[in-house]
Amino acid sequence: MDTLDARALRCPLPLLRVKLWLKAAKAGQALRLWLVDSGSRRDIPAYVSGIGHRVEVVADEPGRLELIITKAP
């Protein structure tokens, strides 16, 4: 599983990094992602699931959001 710690990044950088990962990843590959930016916390799960990939929320706390994104075939 790949990891992306985007806690120090602000929107739109986390989304851009996720898009680059999706472009390079193979079907079934997973990414563990940590976010704190409010815009990214809202936008990334909506974007990723909206284009057909799986998003699992591992932790949703006031200080961080942890997701696992799995690329669809």
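Okay, so let's go over this structure. (Residues numbered from 1 in each chain as written. Predicted model: local features only at pLDDT ≥ 70, side-chain atom pairs only at ≥ 80, totals over all residues. Heavy atoms only, no water.)

## Description of the nonpolar core
A general feature of soluble globular proteins is that nonpolar side chains tend to end up buried together.
Item 1. Core analysis: the biggest nonpolar cluster contains 16 residues, and V18, L33, L35, I44 and I69 have the highest contact counts within it.
Item 2. Elements represented by at least two residues in this core include exactly helix 1 (13-24), strand 2 (30-35), helix 2 (38-50) and strand 4 (64-70).
Item 3. Counting residues per element, this core draws most heavily on helix 1, at four residues.
Item 4. The contact partners of L35, leaving out residues within four places of it in the chain, are A6, R7, P14, S40, R41, I44, G63, R64, L65 and L67. (Core = buried A, V, L, I, M, F, W, Y, C linked by side-chain atoms within 4.5 Å. Buried < 20%, exposed > 50% of the residue type's maximum accessible area, 1.4 Å probe, protein only. Helix = DSSP H or I, 4+ residues; strand = E, 2+ residues; numbered from the N terminus. Contact = heavy atoms within 4.5 Å.)

## Focus: the pattern of salt bridges
Item 1. Inspection of the entire model under this criterion finds seven salt bridges.
Item 2. E66 is paired through a salt bridge with R64; the nearest N and O atoms lie 2.7 Å apart.
Item 3. Given the relative accessible area of 8%, E66 is considered buried.
Item 4. Looking at R64, the relative accessible area reads 23%, which means it is partly exposed. (Salt bridge = Lys/Arg side-chain N within 4 Å of Asp/Glu carboxyl O.)

## Remarks on the sheet that holds strand 1 (residues 2-5)
Item 1. Pairing is mixed across the open sheet formed by four strands, whose spatial order is 1-2-4-3. The open sheet is flanked by strand 1 and strand 3 (54-61), the only strands paired with a single partner. Each strand axis lies, on average, 15° off the axis of its neighbour in the sheet, ignoring direction.
Item 2. Relative to strand 4, strand 2 is paired through six bridges, and the arrangement is antiparallel. In the sheet register, L33 faces strand 4, and the bridge partner there is L67. (Pairing = 2+ DSSP bridges. Axes fitted to C-alpha atoms, helices over the stretch in contact; angles between N-to-C directions.)

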